[in-house]
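# Secondary and tertiary structure notes
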Amino acid sequence: MRLKNILYFPLCLIAFSMSAQSLKTIDTNHQKNNLPWNRLLQPAGKQIIFGNTNLENHALDAALSPDGKWLAVEERYSVVFIDTGNDSSVFSLPISSEKTLKGVMSTYSGILWYTGSGFPEILWSAADSDGKSYVIRASWNGKTAQIQNFYAYQPLPPAESALPNELLIRHEKTGDFLYVVMNGNNEIIKQDLKDGKVIRKGKTGVAPYGITEAGGKLYVTNWGGRIPLPGDTLVAGVPWGETRVNSFNGATREGSVSVFDPETGKLVDEILTGLHPNEIIPSPDQRFIYITNSNSDNVSVIETATGKVCETITVRLQPGINKYWGDSPDGLAVSGNGKYLYVANGMDAAIAVVRLGKQASSRGKDQKSEVEGFIPTAGYPSSVVLSDKNKMYVTNLEAEGASIPVKQESGIIAYNSHRMLASVSVIDMPGKKDLQEYTREVIAANDLERVKAANLPPRPGISPKPVPERIGEPSIFKHVIYIIKENRTYDQVLGDVSKGNGEPSLCIYGQEVTPNAHLLVNDFLLMDNYMASGKCSAEGHQWTDASIVTDYVEKNVRAWFRSYPHVQNDALVYAPTGFIWDNAVKHGKTVRIYGEASIPEFDHNLRWKDIYNDFMQGKYPQFTNKTTIGPVKPLLSQTYPAYDSHCFPDILRADAFSREVRKYDQMEGDQLPDLMILALPADHTAGTNPRFPTPRAMVADNDLALGRIIETLSHSKFWKNTVVFVTEDDSQAGWDHISAYRTVGFVISAYSHKKEAVHAAYNQPSMVRTIEQILGIPPMNIEDAIAPTMDACFNDVPDFTPYTALKNRIPLDEMNPGLSSLNGKALHYAKKSMDPQFDHIDGGNDDLLNRILWFASRGGESYPARYAGEGDQDDDD
């Protein structure tokens, strides 16, 4: 028994202020709001909105007090208390403090109430980015909450964080005991609630998540299934270990439940479930266990007497029409009479109402369980709590999206993707008629009519066009080039383009820095209503590569405890339906990947200037691109540097790609791959780190690289049947006056010349769906299945005029000044840029980097976030 793995901190009454907290209740009355992945939010009931206006808030889980008077909501940065009498939030307890719990955030779920101490308490799990983990205990007196004490846990190597998650309290003969699921350590621990002493530990499967008790046994869900056996060749890396994966795309191939005897702590069974099992709860009589399988769109029902899966309940919207994965069930609750199950379908923004059958309930009448309907919620519901007042409370991870307005001195309103509030939906339990109406609204809001269009067969005799109306009908294009850049908003780059809806005051990389971007939107087309779907690169590269995010990504959003998967190096992240390259290969298309889903291995003694100077003299650095995804390996170029390091200039990447295109151009016939995917990441920048070029020089490098790629393609024999799609992976590193999600996107081809701006609402799933439509391959999942194709970006009559790249106006080797020449804020930000957290592309604190980039471009001009509210000051200490 290793007691050093837990520290117990006695009573200390840690209290926190409520600065910059927003606490309000809104009667939505079915207010509509669009999320940038083709979903219309029209939530039922009231929305209780809360959170720190300077942060990206997410409601994770909730628990009702034993007397039913209070709902405690586990939010990423706080715990919020709601009075169920009038359904309003009354107190917010921030969980991070400078002295004891600095930088701490709630983990994924598992908040609960405890009254054994003589007064109401809540317990929940939390962790920080340095690997420290806690279960926190706070008291509640009906007006305020105070942190009483907390347990601290150490990681079990090779884990870097113990990551406690769901909790369970057992009242045993010798006292009250806390059971904690350790998501990072792959274990469950038992400890005494009186003194915090660890009594026992047990090994679980990979990345355990949920816990419940029924029939005298403990049940723990495992995101990654069972621990791989020796000799299993189908395994892949996850943070701090391996998991069993499939051969198709390297995603996890199983989920499981570990069953323990609570008296002895022995593992007595391992039960296979669907993929990525999350929440687990018992039926009221404990005869059955219900588990949401987020990556299988269903609920597993286990009979506790036999330990067998006795029913699998699909919760997919209109399964007869919709064959595509992506409803993502995660939270659930069972009615007190055991007749109904309420399942939170994250991606559908809805609660599935399931009438349980005889195989899943002692009260079931029909043989099989059946979904009776759906109730609309806010964005990505994550948990469901039922009250005895005929109401349900639903926590919403995405709420209303990133929509907090920030006012500048000029009066301009701006948005950033890391400013959003959290919400809880309060919904009266609907009757049959109301449920029918809600169901119609949910189906309409999720645009399933487009699914029908995706399933239509191709028609014979149809003439080729840029974007075929049906999958399998001919396209003018044979080749698609898909370029993924890093982290810019529309206004940052194109806010100075007069024909678009831009805001020049937010444009920090305008025409002087990005002459090619500006010429491209003039010569081809400008999209000023194109949206990223995620709020950061860990989400963004799932949306660009797979057209969806999994529940694992949603559960980790903003915290990223286990990994930051922008380079696709965590098998728990991947969608079961695969990536765009898997889809293309599966349907007989040739694919080449340039830098995406991989990391370069090279001599890290080389600096950016060394590699740049060698390249200017015609020398290429030595490197090897590595990927953790088996199917990517044969597709990966080894002459084009992958990313995650700032050291490779994008003009080197453009040169490597152009060399390959010219080789294909000299070959007989047309042997250019059908789909070519390029990472072009230098516009992320390295801040004001003296070892790298200035931010504007790195953006200029990225701009010149794009221009040269288009020049090479447009002068080749492939230009007549090639289209180039360009997107930023996300919009997190800046501000935009229309939307936090609005970003820079290009559609470039001989058939894409438009004088007027294209105002059509498109997003990353739209781009993926258009690529699939052109290549004649079906959608991968529900998100690209319902996405509109980008028809407005094409003409019927081509213009084959080749493009000539403009020279950069900013020297690409304009280096950030050394520390010795700096003082004040310039010195402060240069030192911050040198922090190891920023050594990797997409590494480090996003808000701090935004401030650095703003300062590098605008000097002393006030940063927009200063007007967001109290407590949001520059990080100058």
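Bear in mind the structure is a predicted one, so any value in this text is a computation, not a measurement.

## Some remarks on the confidence of the model for the protein chain
Low pLDDT means the predicted coordinates in that region are not meant to be read closely. For the protein chain, the mean per-residue pLDDT works out to 93, and 95% of the residues sit at or above 70. Scored below 50 in pLDDT, residues 1-20 makes 63 contacts in the model with residues more than four places away or belonging to other chains. Long-range and interchain partners of residues 867-874, a stretch whose pLDDT sits below 50, account for 25 contacts in this model, where long-range means more than four residues apart.

## Looking at the pairing of strand 30 (residues 340-345)
Burial of strand 30 is extensive: 5 of the 6 residues sit out of reach of the surface. Judged from the 4 bridges that link them, strand 29 (residues 329-334) and strand 30 form a sheet pairing that is antiparallel. Of the residues in strand 30, the one forming a bridge with Ala333 is Tyr342. In textbook terms, the turn of a hairpin is the stretch between consecutive antiparallel strands, and for strand 29 and strand 30 this stretch comprises 5 residues, one of which, Gly338, has a positive phi near 75°.

## Regarding the environment of Glu772
Mapped onto the fold, Glu772 is located in helix 11 (residues 764-775). Under the relative-accessibility criterion, Glu772 is labelled buried at 0%. For the pair formed by Glu772 and Glu75, sequence separation is 697 residues and the distance between their alpha carbons is 38 Å. Ignoring any residue separated from it by four or fewer positions in sequence, one finds Glu772 in contact with Ile580, Asn583, Ile777, Pro778, Pro779, Met780 and Asp784.

## Examining the pattern of salt bridges
Inspection of every chain in the model, using the stated rule, returns 40 salt bridges. The partner of Arg316 in a salt bridge is Asp297, and the shortest N-O contact between them spans 2.8 Å. Of the two residues, Arg316 sits in the loop between strand 28 (308-314) and strand 29 while Asp297 sits in the loop between strand 26 (288-293) and strand 27 (298-303), which places them 19 residues apart along the sequence. No difference in accessibility class separates Arg316 from Asp297, as the two residues are buried. Close ionic contact of Arg742 with Asp736 constitutes a salt bridge, the shortest N to O distance being 3.0 Å. A relative accessible area of 0% means that Arg742 is categorised as buried. Asp736 gets classed as buried once you look at its relative accessible area, which sits at 0%. Three or more residues are tied together by salt bridges with common partners; here these are Arg170, Glu172, Lys190, Glu213 and Glu263.

## A word on the sheet that holds strand 26
Read from one edge to the other, the open sheet built from 4 strands follows the order 25-26-27-28, with strand pairing classed as antiparallel. Each having just a single partner strand, strand 25 (277-282) and strand 28 make up the two edges of the open sheet. Sheet twist, expressed as the mean angle between neighbouring strand axes with direction ignored, is 25°. Taken together, the 6 bridges between strand 27 and strand 28 define a ladder with antiparallel strand orientation. By the bridge assignment, Glu303 is partnered in strand 28 with Lys308.

## Here we look at the side chain of Gln148
Mapped onto the elements, Gln148 comes out in strand 14 (residues 145-153). On the basis of relative accessibility, which here comes to 6%, the residue Gln148 falls in the buried class. Here Ser139 takes part through its side chain, which lies 2.6 Å from a polar atom of the side chain of Gln148.

## Focus: the sheet that holds strand 7 (residues 70-75)
Taking strand neighbours across the sheet as the criterion, the 4 strands line up as 6-7-8-9 in an open arrangement whose pairing is antiparallel. Taken across any chain shown, the strands that pair with only one partner, and hence form the sheet edges, are strand 6 (59-64) and strand 9 (88-94). Geometrically, the sheet is characterised by an average inter-axis angle of 20° between neighbouring strands, direction not taken into account. In this structure, strand 7 lies alongside strand 8 (residues 78-83), joined through 5 bridges in antiparallel fashion. By the bridge assignment for strand 8, Leu71 is matched with Ile82.

## Regarding the packing of helix 5 (residues 537-546) against helix 11
Between helix 5 and helix 11, whose axes approach to 8 Å, the crossing angle comes to 25°. Between helix 5 and helix 11, the interaxial angle falls into the category roughly parallel. Judged by residue contacts, Gly540, Trp543 and Thr544 of helix 5 engage Gln764, Pro765 and Val768 from helix 11. Considered class by class, the residues forming the contact of helix 5 with helix 11 number 3 nonpolar, 3 polar and no charged.

## Section: the packing of aromatic side chains
Tallied over the full model, the rule gives 28 aromatic pairs. Taking the centre distance of 6.3 Å and the plane angle of 80° together, the rings of Phe524 and Trp719 count as edge-to-face. Highlighted residues: Phe524 in the loop between helix 4 (515-523) and strand 39 (530-531) and Trp719 in the loop between helix 10 (695-714) and strand 44 (722-728), separated in sequence by 195 residues. Arranged with centres 6.5 Å apart and planes meeting at 65°, the rings of Phe725 and Phe794 form a pair that is edge-to-face. In this pair, Phe725 is assigned in strand 44 and Phe794 in the loop between helix 12 (782-786) and helix 13 (824-833), connecting sequence segments 69 residues apart. Since its relative accessible area comes to 9%, Phe794 is described here as buried. Among the aromatic residues, ring-to-ring pairing joins Trp70, Phe81, Phe91, Trp113 and Trp140 into one connected group. The residue whose ring lies beneath Lys190 is Phe177, and the NZ or CZ to ring-centre distance is 4.6 Å. Taking the ring centre of Trp854 as reference, the NZ or CZ of Arg858 above it sits at 5.1 Å.

## Some details on helix 10
In this model helix 10 runs 29 Å from its N-terminal to its C-terminal C-alpha over 20 residues, within 8% of the 28 Å that 1.5 Å per residue would give. Counting buried positions along helix 10 yields 17 of 20 residues, so the element is predominantly enclosed.

## With respect to the packing of helix 13 against helix 14 (residues 846-858)
Interaxial distance between helix 13 and helix 14 falls to 10 Å at its minimum, and their mutual angle equals 135°. Considering the angle they form, helix 13 stands oblique to helix 14. Classified by chirality, the crossing of helix 14 by helix 13 is left-handed. Contact residues: helix 13 offers Lys825, Ala826, Tyr829, Lys832 and Ser833, while helix 14 offers Leu848, Arg851, Ile852 and Phe855. The residue makeup of the contact of helix 13 with helix 14, split by class, is 5 nonpolar, 1 polar and 3 charged.

## Notes on unusual backbone geometry
Trans peptide bonds make up most of the peptide bonds, and negative phi angles are found at most residues other than glycine. A cis amide bond links Pro157 to the next residue, Pro158, at an omega of 10°. Within the secondary structure, Pro158 is located in the loop between strand 14 and strand 15 (164-172). We note that Trp240 has phi near 75°; this positive angle belongs to a residue other than glycine. Along the chain, Trp240 falls in the loop between strand 21 (235-238) and strand 22 (241-244).

## So, helix 4
Those residues of helix 4 that sit buried are Pro515, Asn516, Ala517, His518, Leu520 and Val521. Buried residues belonging to helix 4 abut helix 3 (490-494), helix 10 and strand 45 (745-749).

## Notes on the pairing of strand 8
Burial analysis of strand 8 places 6 of its 6 residues in the buried class, which makes it a mostly covered element. Covered by surrounding structure in strand 8 are Ser78, Val80 and Ile82 together with Val79, Phe81 and Asp83, the residues of both alternating faces. As consecutive antiparallel partners, strand 7 and strand 8 are separated by 2 residues. Between strand 8 and strand 9, which pair antiparallel one after the other, the connecting turn spans 4 residues, and Asp87 there sits at a positive phi close to 50°.

The rules behind the values
- Residues numbered from 1 in each chain as written.
- Predicted model: local features only at pLDDT ≥ 70, side-chain atom pairs only at ≥ 80, totals over all residues.
- Heavy atoms only, no water.
- pLDDT = per-residue confidence, 0-100.
- Contact = heavy atoms within 4.5 Å.
- Buried < 20%, exposed > 50% of the residue type's maximum accessible area, 1.4 Å probe, protein only.
- Helix = DSSP H or I, 4+ residues; strand = E, 2+ residues; numbered from the N terminus.
- Pairing = 2+ DSSP bridges.
- Salt bridge = Lys/Arg side-chain N within 4 Å of Asp/Glu carboxyl O.
- Axes fitted to C-alpha atoms, helices over the stretch in contact; angles between N-to-C directions.
- Polar contact = N/O pair within 3.5 Å; in protein donor to acceptor, adjacent residues only side chain to side chain.
- Parallel < 35°, antiparallel > 145°, perpendicular 65-115°, else oblique.
- Nonpolar A, V, L, I, M, F, W, Y, C, P; charged D, E, K, R; others polar.
- Phe/Tyr/Trp six-rings, centres within 6.5 Å; stacked < 30°, edge-to-face > 60°.
- Lys NZ or Arg CZ within 6 Å of the ring centre and 35° of its normal.
- Expected span 1.5 Å × (residues − 1).
- Left-handed = near helix turned anticlockwise from the far one by under 90°.

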